[in-house]
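# Structural features, examined
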Amino acid sequence: MSQINRLNGGLVERQTLLNFTFDNQSFQGYKGDTLASALLANGVRLVGRSFKYHRPRGIFTAGSEEPNALVELRRYARQEPNTRATVAELFDGLEAKSQNRWPSLKFDLLAINDRLSSFLGAGFYYKTFMWPASFWEKVYEPIIRRAAGLGNISFLEDPDHYDRGFLHCDVLVIGGGPAGLSAALTAGRAGASVILADEDFRLGGRLNSETFEIGELSASKYAQDAAAELESMPNVRVMSRTSVVSSYDHGIYTAVERVSDHLPKTPQGKPRQIFWRIYSKRAIVCAGAIERPIAFENNDRPGSMLSSAILAYANRWAVAPADTVAVFTNNDNGHRTAYDLIAKGVTVSAVIDTRLNAPKVNGAELLAGAKVINSKGRKGLRSVSVRLQNGQLRQIPCGALAVSGGWNANVAVTCHQNNRPVWDEGLTSFVPGNNTSPGQSCAGAARGDFSTAAALNGGARQAISALDDLGIDAKFENLPTAEDVALNLSPFWYVGEGKGRAWIDQQNDVTVKDIEQSIQENFSASEHIKRYTTLGMATDQGKTGNVLGLAIAAELTGRTIPDTGSISFRPPYTPVAIGAMAGRSIGMHYRPVRKTPFHKWNEENGAVFTEVGNWLRAQWYALPGETHWRQSVDREVLAIGNSVGIADVSTLGKIDVQGSGAAEFLNKIYTNAIAKLPVGKCRYGLMLREDGIAYDDGTVARLADDRFIVTTTTINAALVYQNMQFVRQCLWPELDVQVQSVTEAWGQIAIAGPTSRRLLEKIIDPGFDISNGAFPFMANSELTICDGLPARLFRISFSGQLAYELALPPRFCDSVMRILIELGEPLNAVPYGIEAMNVMRIEKGHATGAEINGQTTALSLGLGRMVNKTKDSIGNVLSERDVLSDPSGPMLVGLRQLEEKVPIVAGSHLVNLQEKTGEAESQGYVTSVAYSPNLESTIGLGFLKNGESRKGEIIWAVNPLQGEEVQVEVTNPVFVDPEGERLRV
Amino acid sequence: MIIDHPLLGPRDSQEFTYLGDATLLNRPDWKSENSSNEFFEYLYLRDNPAGPHRELWYHTYGDQSWLIVTRDTVTHEISHVELANDFKRKRGKGA
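Cut-offs and rules
Residues numbered from 1 in each chain as written. Chains lettered and ligands numbered in written order. Predicted model: local features only at pLDDT ≥ 70, side-chain atom pairs only at ≥ 80, totals over all residues. Helix = DSSP H or I, 4+ residues; strand = E, 2+ residues; numbered from the N terminus. Buried ≥ 20, exposed ≤ 12 C-beta atoms within 10 Å, placed from the backbone. Contact = placed C-beta atoms within 7 Å. pLDDT = per-residue confidence, 0-100. Axes fitted to C-alpha atoms, helices over the stretch in contact; angles between N-to-C directions. Left-handed = near helix turned anticlockwise from the far one by under 90°. Nonpolar A, V, L, I, M, F, W, Y, C, P; charged D, E, K, R; others polar. Parallel < 35°, antiparallel > 145°, perpendicular 65-115°, else oblique. Core = buried A, V, L, I, M, F, W, Y, C linked by C-beta atoms within 7 Å. Pairing = 2+ DSSP bridges.

Scanning chain A from terminus to terminus reveals 21 helices and 49 strands. Based on the C-alpha atoms only, the size of chain A along its principal axes is roughly 115 × 70 × 55 Å. Across the 985 residues in chain A, those meeting the buried criterion constitute 52%. Put simply, 66% of the contacts in chain A that link residues at least 6 apart link residues at least 24 apart.

Now the structure itself:
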């Protein structure tokens, strides 16, 4: 019983037999088949269950507009749900499964929904599952989701690679049918750079499905020759298996190329798909047209198909969906299908034509002025009931029905930039509106030129016009003669007769009744109908159903179609895998990992890393035997207090500011006076946003009259630099100043602790004096170390200890670190990470991003005096606003935990002790917490209303999420060495 | 979108960071008597035109220049691009 429905001829390669399975049953097809054509060849009509009612459904179309035949392809990690069988290219070993059925496709328990359909119409879910509200998420939604399903995903990581790519061209031709081929040939022959993209694996579009001739050639041979000529042109890039899915501003399009989807396995080194971004100077949309059905009762049986699809299966794939086919049409295209079927030896049991004056059919019975009112055959069409022109009812046997209600120009891509299509009454189709996207034109059936001759002509004309815009000469060459007949369509949308359901949108199970109900409840605008009924949603976006639904709504309300509404399409045209858009930017490749020049040394010495602003920073350095991070961090903190510690601080943003206006420039950037900073000195600097909120802080070191090095926090490095460029270019461009980020140009280490100077002296070259007298606190100097190596030394301290920061060219960082650790051994030098740094800065009350959090001001940070009122600086004026300068507002305070219960956590609220914590007004919040091994207590920083005057008060730190409350004492934010004596020794 | 950079030619807008209305160039005088109100208006009160709009874009993944881009907010047509630096200096001389 192999390929019982296979006919003679066609464009399949019969010498290449391919094995595949569908629901674990083995079948065979040929190279050139789609899964859909191969299934039909094997007599398989039932391929899926519908979304809502679990109705048995078959293949409806022969292209990407398919609403029904969604299948799951492949297995395990490569399992891919919701693939349209009509575009899945057959390969040897393909495994496919039907979806949305249990336990099997032929016997689906949820088909009970179909029996209950009178309760399940549009709006049912909205109205029914209202109460109780808490049931929605936990009960209703999971049940509905399970019942109203599409395919399943594997939840395994996709083993294939996806790429993103960029292309440029003079002319992008979207679609490789007659219009697209003609446009690409015209532009290609004129020497323009051309990209021709088509979603099919064989160029030609409808030409491959027709039997007429173009010039002396069969239509498909013409397409084949045109494709070969285009392939031979070096200035033309032919991209088959490539769907242009979106159109964006200024000629940018995106497209998905299915590089390996048609192969059993993605070849080594090749991507599965490529997501292209195409920059075009001109684009010509030649996307063809999509046939539409006619709605009648039970018009969704497996075997009921679009007429053009049956034509394509017969001519291109040499397949008849059944041995007896009936045709239901309101135009001459249905007749063409009948003739081609008859020529292939398929029995056409009747041509049912709604037109009274329908032309005669040789070889089949014509029922003019008749209409199909119902059908039989639950799992596969057996017959249709026809209301004859004289009112009699007649059963016509058929295993398949070819339905043609006319054609809709495929305007989707022309709509992406808000160009609304307009209704053409003569064509009974929407066509692209006048407000076309700049650089975009449209040719062939996509703009309503439905005949082949008109498509060839339109493609060439549009190409010439596009090239003319670009100043490229192109000649109009004589086109071969081609089919040029009219459709002779007489509009007919739906059969009113019958009580059952007539389907409009098969993917979403939307029927004529649903539209009626929507209108009845006053959802009668097209956008409302869509949302009320789900018409036009999901994977096919209503490619076959939208216009039909709109036309029926127009008839039901007695309006014209333009008065009822319009259609529009958003990108993407067809579904795109998120993986293709992500390309290689997945997992660790999602964003860059930045490593400091000390990274190798850090790794070798037990560093545990965390990510800060993409940088990998050492949190602490675990020694053998240390099992808890606190052991390492406490040890590091205590060691720095007693001897010396070394930390990698390379990640701080570093900006080099130069020019005769540099000092004045920095005066604008920072709130405090920088201009008077002497050469060879450093100063702590605070930046505000223009709205007066604290922005960032760092140190400013003056290397020369006209040169400064400033640091930023790690996180804000790029933003502060951008902001400095703004101030330089947009606010004070007359200043002679240049700024350059030099973050990566220098590695930097902090050397902190009472013996830090002794350690440094071991590597500083003779001739440089760093004694306390010669190089006091806040000094800076350019010097050499280790016998001639240039370096910069800053005597600044984040830790509160006697400390230095040493900046080095990156290539020497690793060896200098190794030398320092070796020379530091007698001094008990230890490396320390950012956790120890954090403990020490909390002990000193130094603010970081936790405190400079976008809600705090210089005043609330206790830095009010840093805002110099005798000069202009960013944020100075607005920082004086009442609400920001209220002294009883939140102020930075220290917090010492009094009870040794659970440690307080950052984010906890501060609440007055005498109040019930659950009901009290929050007095402030905790920003940072650490265990201080020096104080042997948990301490923190936070903001407290009127905090300045509340030192010594005991309050609650409340963490409502965990139900915890702990008593804390409000203290000075500087816990250790408040006079700063250690810094200056 | 494509932004025609005055120095670097046409570049994809993905290389840029958007800031907002180009009136941000007109920072008030901090010494003005009414400076608080002027700064408030400068920072918060913007026109929101449906049509041509002068706005600031920063060439983050490029040369770090700030551009004044005149873009139609309805059609996204970009009719003019200039360096903020040049514009501001030119205006400074005329004033």
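Attention shifts here to the confidence of the model for chain B. In this model, chain B carries a mean pLDDT of 95, and residues with pLDDT of at least 70 account for 97%. Both scores are given for the predicted complex: the pTM is 0.92, the ipTM 0.98.

Turning to the packing of helix α5 (residues 178-189) of chain A against helix α9 (residues 452-469) of chain A, a few remarks are in order. All names here are of chain A. Contact pair α5 / α9: the axes reach a minimum separation of 7 Å and the direction vectors enclose 35°. As α5 runs across α9, the sense of the crossing is right-handed. Of the residues in α9, those in contact with Pro178, Ala179, Gly180, Leu181, Ser182, Ala183, Thr186 and Ala187 of α5 are Thr452, Ala455, Leu456, Gly458, Gly459, Ala460, Gln462, Ala463, Ile464 and Leu467. Across the contact of α5 with α9, the residue classes tally to 11 nonpolar, 7 polar and no charged.

Here we come to the packing of helix α10 (residues 512-520) of chain A against helix α11 (residues 526-533) of chain A. Residues and elements named next belong to chain A. Direction vectors running N to C along α10 and α11 enclose 120°, while the axes themselves pass 10 Å from each other. In this view, α10 runs oblique relative to α11, as classed from their interaxial angle. By crossing handedness, the relation of α10 to α11 is classed as right-handed. Together, Asp514, Ile515 and Ser518 of α10 and Ile529, Tyr532 and Thr533 of α11 make up the contact between the two elements. Among the residues forming the contact of α10 with α11, the class breakdown is 3 nonpolar, 2 polar and 1 charged.

In this section: the nonpolar core. All names here are of chain A. If you look at the biggest cluster of nonpolar residues, it comprises 164 residues, and the most contacted ones within it are Val173, Ile174, Ile284, Ala295, Val325 and Ala326. The residues touching valine 325, leaving out its near neighbours within four places in the chain, are Ile310, Ala320, Leu341, Val346, Val348, Cys398, Ala400 and Ala402. Grouped together as the second largest cluster of nonpolar side chains are 105 residues, Ala694, Leu820, Val839 and Val929 included.

Bringing the interface of chain A and chain B into the picture now. Every contact between the two is made by 17 residues of chain A and, on the other side, 22 residues of chain B. A breakdown of the residues in the side of chain A that touches chain B according to their chemical character gives 6 nonpolar, 5 polar and 6 charged.

Next up on the list: α11(A). Residue and element names in this part refer to chain A. Along α11, the residues classified as buried are Ser526, Ile529, Lys530, Tyr532 and Thr533. Structurally, α11 contributes buried residues whose contacts are with β30 (510-511), α10, α12 (546-557) and α13 (561-564). Of the residues flanking the end of α11, it is threonine 534, one or two places downstream, whose phi is positive at about 70°.

Burial analysis of helix α17 (residues 662-669) of chain A places 7 of its 8 residues in the buried class, the great majority of the element. Of the residues making up α17(A), those classed as buried are A:Ala662, A:Ala663, A:Phe665, A:Leu666, A:Asn667, A:Lys668 and A:Ile669.

This part takes up the sheet that holds strand β33 (residues 644-648) of chain A. Residue and element names in this part refer to chain A. The strand order across the open sheet formed by 6 strands is β40-β41-β42-β39-β33-β43, and the pairing between neighbours is mixed. At either margin of the open sheet sits one strand with a lone partner, and together these are β40 (780-785) and β43 (829-831). On average, adjacent strands in this sheet sit at an angle of 25° to one another, irrespective of strand direction. Contacting β33, β39 (747-752) and β43, helix α16 (residues 629-642) crosses the sheet at an angle of about 125° to β33.

Attention shifts here to the sheet that holds strand β6 (residues 78-83) of chain B. With antiparallel pairing, the 4 strands of this open sheet are ordered in space as β3-β4-β5-β6 (chain B). The open sheet has two edge strands, β3 (17-21) and β6 of chain B, and neither has a second partner. Geometrically, the sheet is characterised by an average inter-axis angle of 30° between neighbouring strands, direction not taken into account. Here helix α18 (residues 717-731) of chain A sits on the sheet and contacts β4 (52-58) and β5 (66-72) of chain B; the angle it forms with β5(B), its principal contact strand, is near 85°.

All names here are of chain A. Taken across its 6 residues, strand β21 (residues 371-376) has 5 buried, putting it largely inside the fold. Note that β21 and strand β22 (residues 383-387) share 5 bridges and pair antiparallel. Bridge pairing in β22 places valine 372 opposite valine 386.

The next subject is the environment of A:His335. Residue and element names in this part refer to chain A. Relative to the helices and strands, histidine 335 is located in helix α8 (residues 333-343). Given 22 C-beta atoms within a 10 Å radius, histidine 335 is considered buried. Considered as a pair, histidine 335 and alanine 358 are 23 residues apart in the sequence and their alpha carbons are 9.4 Å apart. When near neighbours in sequence (up to four residues on either side) are disregarded, histidine 335 contacts Thr329, Val351, Pro359 and Val361.

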